[in-house]
Amino acid sequence: MRTIIPAAILLIALLAVPPFLGLGWQNALVNLLIASLFALAFNLLSGQAGLLSFGHAAYFGVGAFATLHLMIAVEDGLPFPTPLLPLAGAGAGLAVGLVAGVFATKRSGVYFALVTLAIAELFHSLAPHLQGWFGGESGISAMRMPWGGFVFGSLLEVYYLTLGWVVLSILVLWAYTRTPFGRLTLALRDNEQRVRFLGYDAHAAKVVVFTISAMFSGVAGALLAISNETANYALFSAHVSAQVVLHTFVGGATIFLGPVIGAVVFTLFAYIVSDLTRSWLFYQGLIFVLVMLYAPIGIGGVIRHHLRHWRSIDWSRLAAPYALAGVGGAMIAGGVVFLTECVAILFGEEYAVAMRDAGDTLPPFEMAGMSWDPLGPASWLPPILLLSIGGLCLHRARDRIKPLWDAIEGGAAKEGTR
Amino acid sequence: MEFAIISALNGVIYGLLLFMVSAGLTLIFGMMGVLNFAHASFYMLGAYIAYAVSSIFGFWAGLLVAPLIVGGVGMLVERYLLPRVHAHGHAHELLLTFGLALIIEEAVKLFFGDFPVNYQMPESLRFAAFSLFDTNYPFYRLFIGGIAVAMFIALWLLLSRTRTGIIVRAAERLPAMAEALGHNIPVVFMSVFGTGAALAGLAGAVAGAFYPTNPNMGLELGVIVFVVVVVGGLGSLKGSLLASLMIGLFSSYAVGIDWSLATLFDLAGLGGWARAVGGLITMEVSSISGTIPFVLMLLVLLIRPAGLMGERN
Amino acid sequence: MSLLRIEGLHAHYGKSHILHGIDLSLPDGAIVSLLGRNGSGRSTLLKAIMGLVPPSAGAVRLAGRDLAGARPFDICRQGIGYVPEERLVFPNLTVAENLAMGVQKARPGVPEWSVAEMYAYFPRLKERRAVRAGYLSGGEQQMLTICRSLLGNPRVLLIDEPTEGLAPRVVEVVMEVILDIGRRGVTVMLVEQKLTIALKVAREVMVMGHGEIMFRGTPAALDEAPDVRRNWLEVA
């Protein structure tokens, strides 16, 4: 119940603020919402049912294409309400998800992941050749048509449409987790054999979950199609499938809203950082791996952990080591970014030209508005210092944080507060 | 006829290349239960390192050094990264290797750029092996096949005839018991992972000089390799070999086949109608040759889900 | 001096506390039987000594040297052998290869065993040396796994329920083998369900209950302690 107030505040903000934002931010918000829905749909399968899918782009993509075809029909005169367009995405996602699910759930674990990957690749390799359905290599385009007094020409209207559908979908998905079947989904993850022994057809259950997950992925794809008014076969790429996996697990797969947190963080990250450097995908991968290594429950998991033990936390003792850890982390991030950007510049085309012009020596290069000599210690000292001092800080912080948390968790275990 | 023979040769060699990469993957999975998503990245890494080394020290140096470096990377991953996520289950191991694949791909782009590099075979190997029906068959293709066969024989001998092979085979079934008999199984695991990685790296170093070397090569081959292991049965070397050859031959033949479903309709005199319908029906097998492996995989799943050589539970 | 001493050993399976502070010392060159009901922690004790279950507290001293926390392969190389309850022959390896897996260097002052000796002992194994171990009968597998561990020239041999599921005649053979091993000077800790066998073979018996040692003494002493038998061994 205490989540209702923050949720309400957030909703009001999402409703009231965007008209005052620039187009760039409105666009970012639309993409953020779509990514959140996609991640939630994905997590239904992976976090709740324990079936890790590496090819969810397939259902996202078919949702987008189906919606565009419907939009073309509406352009040609079909009296279909524009706000209901995502239903096409839902339908396509459901249909394709059903067929794919029957195949994929025949296997489990690693095999399942591989099959889903291959199904997505099937679409990815087939689509460029199918002119009618997927528009071949250039894709399909359509325009949003007016309906019910709304023109749907401005980005703001698209935003509200997207927000409406995403909120509705989140509520439905949330309600789903409260149903007996929703519980059964969790049971599939934890102990499939027991589910079977209880008399349920596990395979059928898995197919149902797969289908629902694909359906909502299709809705997300539909929203993208509506917003972009175009789609091509690149929507089926492994990159799209990878993104949703990243979002979900960085945010935390075991918490309902975890994927949303991940989607928000990474979408904003991409939005802000991609303007600054071309290496942002590298940073994204690095962040993902670091989260997997050091915070496998994800950001959402870490937050929930803190909320759970809120009363037992003695902030006067925890604040300092946390600050130290923050400083250490920032320093290491700085050092890594420094090195990465140097590499990007030194191995880039411009520098190759500069090298040739300078007679095959190593001339200084420009970075962040300053000039650096590749061989001089002034260039290598900063990152080395940042990395080593940052590492020391983190180490120290960890040594002080660990016993504090051990005590908190030990106390909780004794009290039986879990 | 010419088409049949050349396609068969190409298919077998491509299949052997697939096997070089999938052998490591299937070995690692069979032993440690880890599906290394970064395995195809090791392939790509091998190609790029070979390119970098060969630019300075020559082709053969690159061929030698690349597998060693990639093998080393593999050992580091197994020793320092995998154990951290092991406690959280197979899903997290999968995700970690997935993240590694992303990082490796982006790192390659950082150093070498987001476009193909000019990794070429040496002049000494650039000749025709023989002439078949007026076409010169490049020796280098046979070279690729030869390396793959040599590797397979070496692997088989190692596993079946040496004491190390016995330990590896024992550890594959009952690692705890093998360790309780005094064998350093952690080192064995690390070596198997490293060897698998080195094999993929060698495949990349060899193939990269013939096929295009670009940042996408990991993903492109990776998906096919995954199909190979699903079809062949994860953990089964023989299954991998069989599936690799099958897919190699299928893909190779499909490229030259201009039939489509419409051709079938021709037989019933309905060709004209079929072509008017268009779409999937008129799609030639040759243009969707890239999709053949996936169709094969779906078929195998329908008929025999455990893969060709089954799997051990 | 006792070759194997265990001090305050605790072990957990996840959150379950199985061993509650075991203290024992094995007399050199003796066969000691570990008795107790299912679930009393006997197998876990052997596994904890072997490092297959990491001890949560306490020490395992082999000739004074604490092995608690070491990896199983280290513990084996120090001279502790393990014959598991499930036999665990490598089913995909031949008999000869299984034996090869057990071979270690000879140790000074420790009884040495050779493959030729094993084959002389068990002609059946020699006959089937090229057969995959998965195809052997239960009795043959038991022989194989005992031989395999012996080839490591252990100072201490931990054996877990070797006669389980075996025909009476094979049980006799196993008993003879264990007695032989003891005569050669290897210290043996034998977990055994069948009371009669345990008493025949062992010089000393220990009774475990709820993860602790409840009784220690000669077989004769156990005979004269009906309440111990009733509380910790017999069906309630």
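Residues numbered from 1 in each chain as written. Chains lettered and ligands numbered in written order. Predicted model: local features only at pLDDT ≥ 70, side-chain atom pairs only at ≥ 80, totals over all residues. Heavy atoms only, no water.

## Quick look at the overall build of chain A
Helices and strands together make up the secondary structure of chain A, namely 17 helices and four strands. A compact globule built from 418 residues would reach a C-alpha radius of gyration of about 22 Å, and chain A, at 24 Å, matches this within 12%. Projected onto its principal axes, the C-alpha positions of chain A cover 70 × 70 × 45 Å. Of all 418 residues assigned to chain A, the portion counted as buried reaches 48%. Long-range contacts, defined here as pairs at least 24 residues apart, represent 76% of the contacts in chain A between residues at least 6 apart. Summing over all exposed atoms, chain A offers an accessible surface of approximately 19800 Å²; the carbon and sulfur share of this is 68%. (Helix = DSSP H or I, 4+ residues; strand = E, 2+ residues; numbered from the N terminus. Rg over C-alpha atoms; globule rule 2.2 N^0.38 Å. Buried < 20%, exposed > 50% of the residue type's maximum accessible area, 1.4 Å probe, protein only. Contact = heavy atoms within 4.5 Å. Areas by Shrake-Rupley, 256 points an atom, 1.4 Å probe, with all protein chains shown as cover.)

## Some remarks on the confidence of the model for chain C
For chain C, the average pLDDT comes to 91, and 99% of its residues sit at 70 or higher. We note a pTM of 0.87 for the whole complex and an ipTM of 0.92 for its interfaces. (pLDDT = per-residue confidence, 0-100.)

## Examining the interface of chain B and chain A
A common way to state how big an interface is: give the accessible area lost once the parts meet. Taken residue by residue, the interface counts 45 residues in chain B and 41 residues in chain A. Taken together, both faces of the contact between chain B and chain A bury some 4000 Å²; the carbon and sulfur share is 85%. Taken together, chain B and chain A are joined by zero salt bridges. Here chain B and chain A share one residue pair in polar contact (both at pLDDT 80 or more) between them. Residue composition of the side of chain B that touches chain A, grouped by class: 35 nonpolar, seven polar and three charged. (Buried area = accessible area lost by both parts, 1.4 Å probe. Salt bridge = Lys/Arg side-chain N within 4 Å of Asp/Glu carboxyl O. Polar contact = N/O pair within 3.5 Å; in protein donor to acceptor, adjacent residues only side chain to side chain. Nonpolar A, V, L, I, M, F, W, Y, C, P; charged D, E, K, R; others polar.)

## A closer look at the interface of chain C and chain B
Between chain C and chain B, the contact holds 23 residues from the first and 19 residues from the second. Of the roughly 1800 Å² buried where chain C meets chain B, counting both sides, 64% is carbon and sulfur surface. Between Glu97(C) and Arg169(B) there is a salt bridge, and its shortest N-O distance comes to 2.8 Å. On the surface where chain C and chain B come into contact, there are seven residue pairs in polar contact (both at pLDDT 80 or more). Among the elements of the structure, helix H2 (72-78), helix H3 (95-102) and helix H6 (138-150) of chain C are those that each provide at least two residues to the side of chain C that touches chain B.

## Section: the packing of aromatic side chains
For any pair of aromatic rings, the description consists of the separation of the ring centres together with the inter-plane angle of the planes. The final tally for this structure, using the stated rule, is 37 aromatic pairs over all chains. Each ring, one from Phe59(B) and one from Tyr140(B), has its centre 6.3 Å from the other, and the planes form 65°; the classification is edge-to-face. Of this pair, Phe59(B) sits in helix H3 (residues 59-86) while Tyr140(B) sits in helix H5 (residues 139-161), placing them 81 residues apart in sequence. In this structure, Phe59(B) and Tyr140(B) share a single accessibility class: buried. Pairwise contacts between aromatic rings join Phe59(B), Trp60(B), Phe127(B), Phe139(B), Tyr140(B), Phe143(B), Phe210(B) and Tyr211(B) into one cluster. We note Arg107(A) situated over the ring of Tyr111(A); from NZ or CZ to the ring centre the distance is 3.7 Å. Over the ring of Trp113(C) we find Arg184(C); its NZ or CZ atom is 4.2 Å from the centre of that ring. (Phe/Tyr/Trp six-rings, centres within 6.5 Å; stacked < 30°, edge-to-face > 60°. Lys NZ or Arg CZ within 6 Å of the ring centre and 35° of its normal.)

## Some details on the sheet that holds strand S10 (residues 212-217) of chain C
Residues and elements named next belong to chain C. Strand order in the open sheet formed by six strands is S6-S7-S8-S3-S9-S10, with mixed pairing between adjacent strands. The open sheet has two free edges, formed respectively by strand S6 (80-83) and S10, since each of these has just one partner strand. Neighbour-to-neighbour, the strand axes of this sheet turn through a mean angle of 20°, independent of strand direction. Inspection of the sheet shows strand S9 (residues 204-209) paired to S10 by five bridges, in the antiparallel sense. Looking at the pairing, valine 207 lines up with phenylalanine 215 of S10. (Pairing = 2+ DSSP bridges. Axes fitted to C-alpha atoms, helices over the stretch in contact; angles between N-to-C directions.)

## Things to note about the pattern of salt bridges
Tallied over the full model, the rule gives 14 salt bridges over all chains. Glu140(C) is the partner of Arg128(C) in a salt bridge, and the nearest nitrogen-oxygen pair spans 3.5 Å. Highlighted residues: Arg128(C) in the loop between helix H5 (123-127) and H6 and Glu140(C) in helix H6, separated in sequence by twelve residues. With relative accessibility at 8%, the residue Glu140(C) sits in the buried group. Each of the salt bridges in this network shares a partner with another, and the network as a whole consists of Glu105(B), Glu106(B) and Lys109(B).

## A look at the nonpolar core
A general feature of soluble globular proteins is that nonpolar side chains tend to end up buried together. Formed by 229 residues in total, the largest nonpolar core has its most connected members in Phe54(A) and Leu45(C). Ranked by size, the runner-up nonpolar core spans 32 residues in total, among them Trp113(C), Cys147(C), Leu166(C) and Val201(C). (Core = buried A, V, L, I, M, F, W, Y, C linked by side-chain atoms within 4.5 Å.)

## Remarks on the sheet that holds strand S1 (residues 4-13) of chain C
Strands belonging to one sheet form pairs held by backbone hydrogen bonds; the direction of such a pair is parallel or antiparallel. All names here are of chain C. With antiparallel pairing, the four strands of this open sheet are ordered in space as S2-S1-S4-S5. The sheet is open, and its two edges are formed by strand S2 (16-26) and strand S5 (65-66), each paired on a single side. As defined by bridge partners, S1 adjoins S2 across eight bridges and the pair is classed as antiparallel. Bridge pairing links histidine 12 to histidine 17 in S2.

## Observations regarding the pairing of strand S4 (residues 55-62) of chain C
Residue and element names in this part refer to chain C. With six bridges connecting them, S1 and S4 associate as antiparallel partners. Note on S4: the bridge partner recorded for arginine 5 is arginine 61. Two strands pair when backbone bridges link them, and S4 and S5 are joined in this way by two bridges, in the antiparallel orientation. From the neighbouring strand, arginine 61 faces S5, where its bridge partner is aspartate 66. What sits between the antiparallel neighbours S4 and S5 is a turn of two residues, in which alanine 63 has the positive phi angle 50°.

## Points about the packing of helix H4 (residues 86-104) of chain A against helix H10 (residues 202-228) of chain A
Residues and elements named next belong to chain A. Viewed as axis vectors pointing N to C, H4 and H10 meet at an angle of 145°, and their least axial separation amounts to 6 Å. Judged by the twist between their axes, the crossing of H4 over H10 is right-handed. In contact with Pro86, Gly89, Ala90, Gly93, Leu94, Gly97, Leu98, Ala100, Gly101, Val102 and Ala104 of H4, H10 contributes His203, Val207, Phe210, Thr211, Ala214, Met215, Gly218, Val219, Ala222, Leu223 and Ile226. (Left-handed = near helix turned anticlockwise from the far one by under 90°.)

## Considerations on unusual backbone geometry
Positive phi is not limited to glycine here, since Phe152(A) has a value of about 60°. Inspection of the secondary structure puts Phe152(A) in the loop between strand S1 (140-141) and helix H7 (155-178).

## Here we look at the domain arrangement of chain A
Per the domain assignment, the segments of chain A are domain 1 (18-237) and domain 2 (309-417). One C-alpha centre belongs to domain 1 of chain A, the other to domain 2 of chain A, and the line joining them spans 38 Å. (Domains from an automatic or database assignment.)

## Some points on the packing of helix H2 (residues 23-48) of chain A against helix H12 (residues 258-273) of chain A
Residues and elements named next belong to chain A. H12 packs onto H2 with a crossing angle of 145° between their chain directions and a minimal axis gap of 8 Å. Remark: the crossing between H2 and H12 carries right-handed chirality. On the side of H2, the interface is formed by Gly24, Trp25, Ala28, Asn31, Leu32, Ala35, Ser36, Ala39, Leu40 and Asn43, while H12 contributes Pro259, Val260, Ala263, Val264, Thr267, Leu268 and Tyr271. Its residues assigned to classes, the contact of H2 with H12 comprises twelve nonpolar, five polar and no charged.

## Quick look at H7(A)
Residues and elements named next belong to chain A. Counted at 1.5 Å a residue, the expected span for H7 with its 24 residues is 34 Å, and the 35 Å between its end C-alpha atoms agrees. Of the positions making up H7, those classed as buried are Leu155, Val158, Tyr159, Leu161, Thr162, Leu163, Trp165, Val166, Ser169, Leu173, Tyr176 and Thr177. Packing partners of the buried residues in H7 comprise helix H1 (4-16), H2, H4, helix H8 (180-190) and H10. (Expected span 1.5 Å × (residues − 1).)

## Description of empty space enclosed by the protein
Taken as a whole and judged by the stated rule, the model has two cavities of 30 Å³ or more. Of the volumes computed, that of the largest cavity is approximately 60 Å³. As for the largest cavity, its lining consists of 13 residues, and the residues nearest its centre are Cys76(C), Gly81(C), Gln104(C), Ser149(C) and Gly152(C). Per-class residue counts for the lining of the largest cavity are six nonpolar, six polar and one charged. The computed volume of the second largest cavity comes to approximately 30 Å³. Tallying contributions element by element places helix H4 (residues 90-112) of chain B first for the lining of the second largest cavity, with three residues. Among the residues making up the lining of the second largest cavity, the classes are represented as four nonpolar, two polar and one charged. (1 Å grid on protein atoms, 1.4 Å probe; cavity = no way out; pocket = protein on both sides within 12 Å on 5 of 7 lines; lining within 4 Å. Points joined across faces, edges and corners; volume = space filled by probe spheres on them.)

## Remarks on helix H3 (residues 57-75) of chain A
For H3(A), with 19 residues, the first-to-last C-alpha span of 27 Å sits near the 27 Å given by 1.5 Å per residue. A positive phi of about 125° marks Gly77(A), the residue just after H3(A).

## Side note on a nonpolar patch on the surface
Residue and element names in this part refer to chain A. On the surface, a cluster of nonpolar side chains totalling about 520 Å² of accessible area is made up of Val265, Ile299, Ile303, Leu307, Trp310 and Trp315. For the nonpolar patch, the element with the most residues is helix H14 (residues 298-308), which contributes three residues. Looking at the element boundaries, tryptophan 310 is found in the loop between H14 and helix H15 (315-346). (Patch = residues over 30% accessible without salt bridge, like charges linked within 9 Å, V, L, I, M, F, W, Y side chains within 5 Å.)

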